[in-house]
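Below are the chains, spelled out letter by letter.
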Amino acid sequence: MAEQKIPLWEVFIRSRNGLAHKHVGSLHAVDATMALQAARDVYTRRGEGLSLWVVPSAAIVASDPADKDVMFEPTASKIYRHPTFYEVPDEVGHM
Amino acid sequence: MYTQALNARDTTAPVAGPEEAARADRFQARIDAEERIEPNDWMPEAYRRTLTRQISQHAHSEIVGMLPEGNWITRAPTLKRKAALLAKVQDEAGHGLYLYSAAETLGTSREEMFDQLLAGRAKYSSIFNYPTLTWADIGAIGWLVDGAAIMNQIPLCRCSYGPYARAMVRVCKEESFHQRQGYEIMLTLCRGTPEQKAMAQDALNRWWWPCLMMFGPPDAESQHSDQSAKWKIKRFSNDELRQKFVDATVPQGQYLGLTFPDPDLAYDEAEGRWRYGTIDWEEFKQVLAGNGPCNRQRMKQRRDAHAAGAWVREAAMAHAAKRARRAEAAKAAALQQAA
């Protein structure tokens, strides 16, 4: 039986105010309303959060893990970006 | 609720060229360094296949596992028990969904996995092919089946594949309620009338051996474990997990004042472990082969439910398409007006 595929959504939950929404998993739903409803049922049965985001998985643009060296390696050599790179005499106190 | 060590050895692996071999070595080095593998990372095809099979079988088990318990929702003895059982069965559905999502990240679609289950090409845990004859079976399932599942699933929280490990963390958090509610049902029955206690004993008698089979064939006979251990998918052998389960469960049964249906069950003082009798592996094979007491009924129920839901899926898709069309038309009309 060739049924039409139901789109995939990624689910994010804000566990409490002051924290960012965090990815918790994914689900299938035909539209945004049903995706929110399903996210509530599947991912928040025990007070996991105060706010839900659902995002069509197809809308996410991701970096390729194979490119991780090109993407992130250069920062490793830029130690002058960290406060500990700079010397401040003890007499100056906490800075 | 549960995954069983059912995977046959993967013999379809292609012969690797030198480049492939180098990638496989780097992959193994990552595993050895306890790094997690994520969906878009390179992985050997056999790793992908093994995990797809294991995670989808695990998901199928959760979904089929709703059937034996759903059987008692309308007949739960009190409102409290009914609410708890409803919540538990809903959790099993949730666990199935977390797991299908994790399996999908490996590249097999949800529809394909459903098809595999409904066509009888995919396996699910043998335990769900046993019937729930009395209310005490609901207690025994929570206490024993979920207890065995927890033993098996806790090490899976550290599985090398990230999405599977994360799904397991969620599942394990919820599973503890399942086991405790089951044990409480058993405790209540054991403190009740002699008939109620006899019902609890009967349930233990019927579920004990099938629960020991849940851990899969003995180590000497399970060929695939080596590779799964090397890939850190499986961290303990079938026999190790089975022994842990027996050691944890026997004292709980003794507290209930029940006896185990195994004349050879004895405490080994020197080893500090419970020795158990011989498991009937022929029964296990028969149940896996489709000849358990309820195999046909379970599959029929799943197929019927899927077929009965077809119009809902169809209608939801049509509704979403209609709404999208109307929104598009409204936007076009607004643009025209503005122009």
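Residues numbered from 1 in each chain as written. Chains lettered and ligands numbered in written order. Predicted model: local features only at pLDDT ≥ 70, side-chain atom pairs only at ≥ 80, totals over all residues. Heavy atoms only, no water.

- In the annotation of an unreviewed UniProt entry, the entry for chain B reads 1,2-phenylacetyl-CoA epoxidase subunit A, and the organism field reads Methylobacterium platani.

- An unreviewed UniProt entry lists chain A under the name Phenylacetate-CoA oxygenase, from Methylobacterium platani JCM 14648.

### Examining the overall build of chain B
And then number 1: In terms of helices and strands, chain B carries 13 helices and two strands.
And then number 2: The proportion of buried residues among the 339 residues of chain B is 52%.
And then number 3: When the accessible surface of chain B is summed, it comes to about 15,900 Å², and 56% of that surface belongs to carbon and sulfur atoms.
And then number 4: For chain B, the distance from the average position of its 44 positive side-chain charges to the average position of its 42 negative side-chain charges is 7 Å. (Helix = DSSP H or I, 4+ residues; strand = E, 2+ residues; numbered from the N terminus. Buried < 20%, exposed > 50% of the residue type's maximum accessible area, 1.4 Å probe, protein only. Areas by Shrake-Rupley, 256 points an atom, 1.4 Å probe, with all protein chains shown as cover. Lys, Arg positive; Asp, Glu negative; His and termini not counted. Charge placed at Lys NZ, Arg CZ, Asp CG, Glu CD.)

### Concerning the overall build of chain A
And then number 1: In terms of helices and strands, chain A carries two helices and three strands.
And then number 2: Reading chain A from its N terminus to its C terminus gives the helix and strand order β-β-α-β-α.
And then number 3: Computed over C-alpha atoms, the radius of gyration of chain A comes to 22 Å, more than 25% over the 12 Å expected from 2.2 N^0.38 for 95 residues, which places it beyond the range of a compact globule.
And then number 4: Taken along its principal axes, the extent of the C-alpha atoms in chain A is 75 × 35 × 15 Å.
And then number 5: Per-residue burial over chain A gives 21% buried out of 95 residues.
And then number 6: In chain A, of all internal contacts separated by at least 6 residues, the share reaching a separation of at least 24 is 42%.
And then number 7: Total accessible area computed for chain A in this model is approximately 7,300 Å², and 59% of it derives from carbon and sulfur atoms.
And then number 8: Positive and negative charge centroids in chain A, built from 10 and 12 side chains respectively, lie 9 Å apart. (Rg over C-alpha atoms; globule rule 2.2 N^0.38 Å. Contact = heavy atoms within 4.5 Å.)

### A few points about the sheet that holds strand β3 (residues 51-56) of chain A
Residues and elements named next belong to chain A.
And then number 1: Spatially, the three strands line up as an open sheet ordered β2-β1-β3, and their pairing is antiparallel. Each edge of the open sheet carries a strand with a single partner, namely β2 (22-28) and β3. Each strand axis lies, on average, 30° off the axis of its neighbour in the sheet, ignoring direction.
And then number 2: Where strand β1 (residues 8-14) lies against β3, six bridges are found, and the strand directions are antiparallel. Looking at β3, one finds that F12 is bridged to W53. (Pairing = 2+ DSSP bridges. Axes fitted to C-alpha atoms, helices over the stretch in contact; angles between N-to-C directions.)

### A short note on the interface of chain B and chain A
And then number 1: Residue-level contacts link 23 residues of chain B with 19 residues of chain A.
And then number 2: Contact between chain B and chain A buries roughly 1,900 Å² in total, counting both sides, with carbon and sulfur atoms accounting for 52%.
And then number 3: Interface area lost by chain B to chain A is led by E111(B), R170(B) and M317(B), which between them contribute 29%.
And then number 4: Inspection of the region where chain B meets chain A yields four salt bridges. (Buried area = accessible area lost by both parts, 1.4 Å probe. Salt bridge = Lys/Arg side-chain N within 4 Å of Asp/Glu carboxyl O.)

### Points about a nonpolar patch on the surface
Residues and elements named next belong to chain A.
And then number 1: A contiguous nonpolar patch, built from I79, Y80, F85 and Y86 and spanning about 430 Å² of accessible area, is present on the exposed surface.
And then number 2: By the secondary structure assignment, Y80 is in the segment after α2 (68-72).
And then number 3: Among the residues examined, Y80 registers a relative accessible area of 43% and is labelled partly exposed. (Patch = residues over 30% accessible without salt bridge, like charges linked within 9 Å, V, L, I, M, F, W, Y side chains within 5 Å.)

### So, the environment of S61(B)
Residue and element names in this part refer to chain B.
And then number 1: Along the chain, S61 turns up in helix α2 (residues 45-64).
And then number 2: Separated by 172 residues in sequence, S61 and I233 place their C-alpha atoms 18 Å apart.
And then number 3: Of the polar contacts made by the side chain of S61, one reaches the backbone oxygen of Q57; its length is 2.8 Å. (Polar contact = N/O pair within 3.5 Å; in protein donor to acceptor, adjacent residues only side chain to side chain.)

### Brief notes about the confidence of the model for chain B
All names here are of chain B.
And then number 1: On average, residues of chain B carry a pLDDT of 93, and 94% of them reach 70 or more.
And then number 2: By mean pLDDT, the top-scoring element of chain B is helix α8 (residues 194-213) (98), and the lowest-scoring one is helix α9 (residues 225-230) (86).
And then number 3: Listed scores for the predicted complex are pTM 0.90 and ipTM 0.84. (pLDDT = per-residue confidence, 0-100.)

### Quick look at the domain arrangement of chain B
Residues and elements named next belong to chain B.
And then number 1: As assigned here, chain B comprises domain 1 (3-279) and domain 2 (293-338).
And then number 2: Using C-alpha coordinates to define each centre, domain 1 is positioned 33 Å away from domain 2.
And then number 3: Taken residue by residue, the interface counts 14 residues in domain 1 and nine residues in domain 2.
And then number 4: Looking only at domain 1, the three residues that lose the most surface to domain 2 are L67, L118 and N129, adding up to 54% of its buried area. (Domains from an automatic or database assignment.)

### Observations concerning the pairing of β1(A)
All names here are of chain A.
And then number 1: Most of β1 sits out of view: five of its seven residues are buried.
And then number 2: Here β1 pairs with β2 via six bridges, running antiparallel. From the neighbouring strand, V11 faces β2, where its bridge partner is G25.

### Side note on the pattern of salt bridges
And then number 1: Tallied over the entire structure, the rule returns 22 salt bridges over all chains.
And then number 2: Linking D268(B) and R275(B) is a salt bridge whose minimum nitrogen-to-oxygen distance equals 2.9 Å.
And then number 3: Take R275(B): its relative accessible area is 35%, and that puts it in the partly exposed class.
And then number 4: Each of R45(A), R46(A), D91(B) and E174(B) takes part in one network of salt bridges that share partners.

### Observations regarding the packing of helix α1 (residues 32-43) of chain A against helix α4 (residues 79-104) of chain B
For any two helices packed against each other, the geometry is given by the interaxial angle and the distance between the axes.
And then number 1: Between α1(A) and α4(B), whose axes approach to 9 Å, the crossing angle comes to 110°. Judged by the angle between their axes, α1(A) and α4(B) are roughly perpendicular. The residues of α4(B) that touch α1(A), namely those facing D41(A), V42(A) and Y43(A), are Q90(B), L97(B), Y98(B) and S101(B). (Parallel < 35°, antiparallel > 145°, perpendicular 65-115°, else oblique.)

### A word on the packing of helix α7 (residues 162-190) of chain B against helix α10 (residues 238-256) of chain B
All names here are of chain B.
And then number 1: Between α7 and α10, the shortest axis-to-axis distance is 9 Å and the interhelical angle comes to 30°. By the angle class used here, α7 and α10 are roughly parallel. For the pair α7 and α10, the contacting residues are Q179, Y183, M186, L187 and C190 in the first and Q252, Y255 and L256 in the second.
And then number 2: Classifying every residue of the contact of α7 with α10 gives six nonpolar, two polar and no charged. (Nonpolar A, V, L, I, M, F, W, Y, C, P; charged D, E, K, R; others polar.)

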